[in-house]
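Observations on the three-dimensional arrangement
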Amino acid sequence: NRAACYKQISNFDGVIGDCTAVLEVEPANVKALIRRAQAFEGVERYRFSLEDCKTVLQMPYAQVGKTNWDLCNMMQHRLNRTVQQLKKMSSS
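The number of helices and strands found in the protein is six helices and zero strands. Listed by position from the N terminus, the elements making up the protein come as α-α-α-α-α-α. For the protein, the C-alpha atoms occupy an extent of roughly 40 × 30 × 20 Å along the three principal directions. Looking at the protein as a whole, 35% of its 92 residues qualify as buried. Within the protein, contacts between residues at least 6 apart in sequence are counted, and of these 47% link residues at least 24 apart. By element, 52% of the accessible surface of the protein is carried by carbon and sulfur atoms, the whole surface being about 5,900 Å². In the protein, which carries 13 positive and 9 negative side-chain charges, the distance between the mean positions of the two groups comes to 6 Å.

And the structure:
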């Protein structure tokens, strides 16, 4: 719950820390994975964000739920575009 509060005030490092602690105990916690993915995106750590999204999308759909699956799917597409744009910029 504290991670959700941190997210509201854009304390992304706090979100990442709290969610990582939860995931150490409960690696399949969908809420923690999604919140951490959003926080990683907020601090421009796009590859870490993508990893969390992919983890959620590989879980059983019934466990994830439609709303969470749709959110992660949308984030994954957005993050893939961002990573590709950054690769293009760095190779120019």
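The next thing to look at is the packing of aromatic side chains. Think of a pair of aromatic rings as described by two things: how far the centres are apart, and how the planes are tilted against each other in angle. Evaluated as defined, the whole model comprises two aromatic pairs. One residue, Arg45, lies across the ring of Phe48, its end atom 4.8 Å from the ring centre.

Moving on: the packing of helix H4 (residues 46-57) against helix H6 (residues 66-91). At their nearest, the axes of H4 and H6 sit 9 Å apart, and the two run at 150° to each other. Our classification of the angle between H4 and H6 gives roughly antiparallel. As for the relative orientation of H4 and H6, their crossing is left-handed in sense. Residues Tyr46, Arg47, Ser49, Leu50, Cys53, Lys54, Val56 and Leu57 of H4 lie in contact with H6, whose contacting residues are Trp69, Cys72, Asn73, Met75, Gln76, Leu79, Asn80, Thr82, Val83, Leu86 and Lys87. The residue makeup of the contact of H4 with H6, split by class, is eleven nonpolar, five polar and three charged.

Here we take up the pattern of salt bridges. Taken as a whole and judged by the stated rule, the model has three salt bridges. Between Asp52 and Arg36 there is a salt bridge; the shortest N-O distance is 2.7 Å. With a gap of 16 residues between them, Asp52 in helix H4 and Arg36 in helix H3 (residues 30-42) connect regions that are remote in the sequence. Taking relative accessible area as the criterion, Asp52 reaches 5% and is therefore assigned buried.

A separate point is H4. With twelve residues, H4 should cover 16 Å at 1.5 Å per step; its first-to-last C-alpha distance of 16 Å lies within 8% of that length. Packing partners of the buried residues in H4 comprise H3, helix H5 (61-64) and H6.

Rules of the game
- Residues numbered from 1 in each chain as written.
- Predicted model: local features only at pLDDT ≥ 70, side-chain atom pairs only at ≥ 80, totals over all residues.
- Heavy atoms only, no water.
- Helix = DSSP H or I, 4+ residues; strand = E, 2+ residues; numbered from the N terminus.
- Buried < 20%, exposed > 50% of the residue type's maximum accessible area, 1.4 Å probe, protein only.
- Contact = heavy atoms within 4.5 Å.
- Areas by Shrake-Rupley, 256 points an atom, 1.4 Å probe, with all protein chains shown as cover.
- Lys, Arg positive; Asp, Glu negative; His and termini not counted.
- Charge placed at Lys NZ, Arg CZ, Asp CG, Glu CD.
- Phe/Tyr/Trp six-rings, centres within 6.5 Å; stacked < 30°, edge-to-face > 60°.
- Lys NZ or Arg CZ within 6 Å of the ring centre and 35° of its normal.
- Axes fitted to C-alpha atoms, helices over the stretch in contact; angles between N-to-C directions.
- Parallel < 35°, antiparallel > 145°, perpendicular 65-115°, else oblique.
- Left-handed = near helix turned anticlockwise from the far one by under 90°.
- Nonpolar A, V, L, I, M, F, W, Y, C, P; charged D, E, K, R; others polar.
- Salt bridge = Lys/Arg side-chain N within 4 Å of Asp/Glu carboxyl O.
- Expected span 1.5 Å × (residues − 1).

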